[in-house]
Structure formats: structure tokens, C-alpha cells
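# Commentary on secondary and tertiary structure
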Amino acid sequence: MGMHKNLKTSGSRAERILASPQWQNGKFRNPSGAREMVALGETKGVASEFLFGGKKRRPPHAFPTHDPRPSLQQPPETGFRVTWLGHSTLLVEMDGVRFLTDPVWAQRASPVGFVGPSRWQQVPLDIASVPDLDFVLLSHDHYDHLDAGAVTALAKRGFTFLVTLGVGKHLDRWGIPSEQYVELDWWDSVELKGVKVTSTPTQHFSGRGVLDRNSTLWGSFVVEGDTHRFYFGADSGFGDHYQSIAREFGRFDLVTLEIGAFHPSWAGIHMGPENAWRAYDALGGGHFLPIHWGTFDLAVHPWDEPPEQILALAGDRPLMLPQIGSPTEPARWEQNVPWWRP
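What you see is a predicted model; the values in this text were computed from it and never measured. (Residues numbered from 1 in each chain as written. Predicted model: local features only at pLDDT ≥ 70, side-chain atom pairs only at ≥ 80, totals over all residues. Heavy atoms only, no water.)

Before going further, it helps to examine the pairing of strand S12 (residues 229-232). Judged from the four bridges that link them, strand S11 (residues 220-224) and S12 form a sheet pairing that is antiparallel. In the strand pairing of S12, Phe221 is matched with Phe232. The turn linking S11 back onto S12 is made up of four residues. In this structure, S12 lies alongside strand S13 (residues 254-258), joined through three bridges in parallel fashion. The residue of S13 that forms the bridge with Tyr231 is Val255. Handedness of the S12-helix H6 (residues 241-249)-S13 crossover: right-handed. (Pairing = 2+ DSSP bridges. Helix = DSSP H or I, 4+ residues; strand = E, 2+ residues; numbered from the N terminus. Right-handed = clockwise from strand over helix to strand, strands pointing away.)

Phi at Asn214 is positive, roughly 60°, even though this residue is not glycine. Along the chain, Asn214 turns up in the loop between strand S10 (195-200) and S11. Even without a glycine there, the phi angle at Ala234 is positive, about 50°.

Attention now goes to H6. Counting buried residues along H6, seven of its nine residues qualify, which places the element largely inside the surrounding structure. Residues of H6 that are buried include every one of His241, Tyr242, Ser244, Ile245, Ala246, Glu248 and Phe249, and no others. Buried residues in H6 make contact with S10, S11, S12, S13 and helix H7 (272-283). At the exit of H6 stands Gly250, carrying a positive phi of roughly 80°. (Buried < 20%, exposed > 50% of the residue type's maximum accessible area, 1.4 Å probe, protein only. Contact = heavy atoms within 4.5 Å.)

On to the confidence of the model for the protein. Here the protein averages 91 in pLDDT, and 92% of its residues register 70 or above. Note that pLDDT drops below 50 for residues 38-43; the model gives that stretch eight contacts with residues more than four away or on any other chain. (pLDDT = per-residue confidence, 0-100.)

The next point concerns the side chain of His228. Within the fold, His228 resides in the loop between S11 and S12. Look at His228 and you get buried, because its relative accessible area is 15%. Among the polar contacts made by the side chain of His228, one reaches the side chain of Asp95 at a distance of 2.6 Å. Looking at His228, its side chain comes within polar contact range of the side chain of Thr227, at 3.0 Å. If sequence neighbours within four positions are ignored, His228 has contacts with Thr78, Gly79, Phe80, Met94, Asp95, Val223 and Asp253. (Polar contact = N/O pair within 3.5 Å; in protein donor to acceptor, adjacent residues only side chain to side chain.)

Another point: the packing of H7 against helix H8 (residues 305-312). Relative to each other, H7 and H8 sit at 45°, their axes nearing to 8 Å. Classified by the angle their axes make, H7 and H8 are oblique. Along this stretch, H7 crosses H8, giving a crossing that reads as right-handed. Of H8, the residues touching H7 (which contributes Pro273, Glu274, Ala276 and Trp277) are Pro306, Gln309 and Ile310. (Axes fitted to C-alpha atoms, helices over the stretch in contact; angles between N-to-C directions. Parallel < 35°, antiparallel > 145°, perpendicular 65-115°, else oblique. Left-handed = near helix turned anticlockwise from the far one by under 90°.)

Moving on, we come to the nonpolar core. Phe135, Val197, Phe230, Leu257 and Phe288 are the most contacted members of the largest nonpolar core, which has 59 residues in total. In terms of residue count, H7 provides more of this core than any other element does, five residues in total. If we skip the residues at most four places from it in the chain, Val197 touches Phe135, Leu137, Leu162, Asp188, Ser189, Val190, Leu192, Phe221, Val222 and Val223. Formed by 24 residues, the second largest nonpolar core is a distinct cluster that contains Val136, Leu138, Val167 and Ile176. (Core = buried A, V, L, I, M, F, W, Y, C linked by side-chain atoms within 4.5 Å.)

A word on the sheet that holds S12. Pairing within the open sheet is mixed, and its six strands lie in the order S9-S10-S11-S12-S13-S14. Each edge of the sheet is formed by a strand with only one pairing partner; in this case those strands are strand S9 (189-192) and strand S14 (287-291). The mean angle between the axes of side-by-side strands here comes to 15°, regardless of whether they run parallel or antiparallel. As paired strands, S13 and S14 are joined by five bridges and run parallel to one another. Bridged to Thr256 within S14 is Leu289. The sheet strands contacting H6 are S10, S11, S12 and S13, and the helix crosses S11 at an angle near 15°.

Alignment of S9 against S10, held across four bridges, turns out to be antiparallel. Along S10, the bridge assignment pairs Ser189 with Thr198. Following S9, the chain reverses through two residues before pairing antiparallel with S10; Lys193 in that reversal takes a positive phi of roughly 55°.

Now the structure itself:
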């Protein structure tokens, strides 16, 4: 892939979007040509399965969680610690910086509070109790990754946001000053607080309504410090972009990849456990912490299928399945206990 491009902040958002290699014919597109969803008629019964499926899509009770605040008062002994707060929200402490990924505290992944995919698992940390952050990563604008309430609450504390290209328009609408966020196209990098953050490709889509489909970019992030390297995979289908990322950065200390909300109808933009392992292998190893499960009712598969499958397929690979809210240092991870089972 060559050297990272220097971050270009000159020019308007529209100019940068038009100049993006991912922008074609008036919208952002996956280079692979992957579609958001196979037409309903091409996969029999998917609509009725989603609306009326009888499979257990929610656990019988909330999961056990940890209050991370006592542990967070002390720095990680190994210099690298991650706390899964549910779904794709991670609190990462690494090489002297602290950051959040896709912070979502909303009760529904929806534009309204009375309908839409609902949360069955609460965040184990009140948003007001989030410790000071050096930055926040926002991978794309879907409601289960971009929560207006959480973002505005964090913005009031002066935190910096690193977002994919075009997502700044949402922050503008919520009254967040442009000086407080940086938009990144794929392979753009920015250095701050002694680490380098690079926006990297995913195979996904975007939009928060019927009229803005693919008007903003989606992506993942690589964070490189003096001694550790972290990959936040966000949402993606499996593709050759994982090999490109591996060639550019080498081995990661921690890889996070989505394992939930998968179905043949949208296999191009969500992986599921089997393809998550393919992506992990393509990335070259390191500890693997699965995300995008255990919080929202977003799919038609049983709620416990993602962790059970990922565990069954792990073999001798270093899989990490920490309880929600449990601060975990990858270098000290020992054994998975299936805590989600009733």
C-alpha cells in the first residue's frame, strides 16, 4: 500500500469526498462491489424470519457485568488494556493514551426511542463516569455505532473525534465544533498524543435514513503506539482488504472483529464467526476479541450463536471473550470461561 498519505485537512468536505477513490457515481462504494443486502426475493423467507422468527434472539436474563471503575484507577501493568462495554464499544488504554470506539449508550439502535432494535444489555459504566479520553473513534454512521446522545455528551468534555469521511456532517448538525473532529478517508493517518491512527478499509455501507444511503464513508482503524498495535475492525464483510491491512502494518497485539448480526442475505457486509476467523488469519494473528454481539437484537440467529461458534472454531488461536465491563490486558489473558451460558 506504500507510505501513509499525509493527512489533508485543506479543502471543503465536499471537495474531499469528490476526490476520494471510494466515491463513484454520487455515492461511496465497496471496491469489491459487495451489496448491502441480497434482494429479499433471492433469499426465501428472510423477511418473515426477521419479523416472526421463533429462534431465541434475546437471552433469558441480563449478562453478569463488572464495574470497571476500580480497575481503571490504576494504569495497565503491561501498557495495554481493553474494556469491552458491549456491542462495538471498547475503552482502550494503550501506550499512554485512552480512547473509545463507537460509543453507544442508546436504548435503541434507531432514530426514535419507541421502535427499532432494542438493547437487552446495559452499559456497565454511566457515560458521565467515562474517564478522560485522548480521542474517540467513529467508524460509520449506523445507529448501533453512532449514537447522537453519547457523542454530544462526550463532546461537551472537549474530546477529539476521529471519524470516517463525511461523518462530520452529523457532528455539525449536533453542534460539535469542526475543530473538535478530523475526517479520514481510507489510508489517511493522523498523529496525536504519541500514537498514529490510520483509517483502513472495510466492506460495508452507511446511512441513517432512506435518503442518505452511502453518502458517508465506512471504515476501520489501526492505532499504533511505541510498543503496541491495535486493530478496530468495526463492521465488515470478509474481503481482500484484510490482507492489504496486514501487508501495511504487520502483526497486531489485539484484533477486534464483528461476529454478530450475520445472515446469508447480508453476508457481503457482515461476517459472522466463520468469516471472522478467516479475517483474523488474513490479518496475521495476535489476540482476538470479538465485538458486535451481546447487546442489541439485530439479527435472526439465536443470541448465543456468535460466542458459541467463535469459541468452537478457535482451536489454539488466542481468543479473548471477557465479560462486559471487565478490564483485560491481552498479554495476561489465560482462558475463556463461557460466562454467557445460563
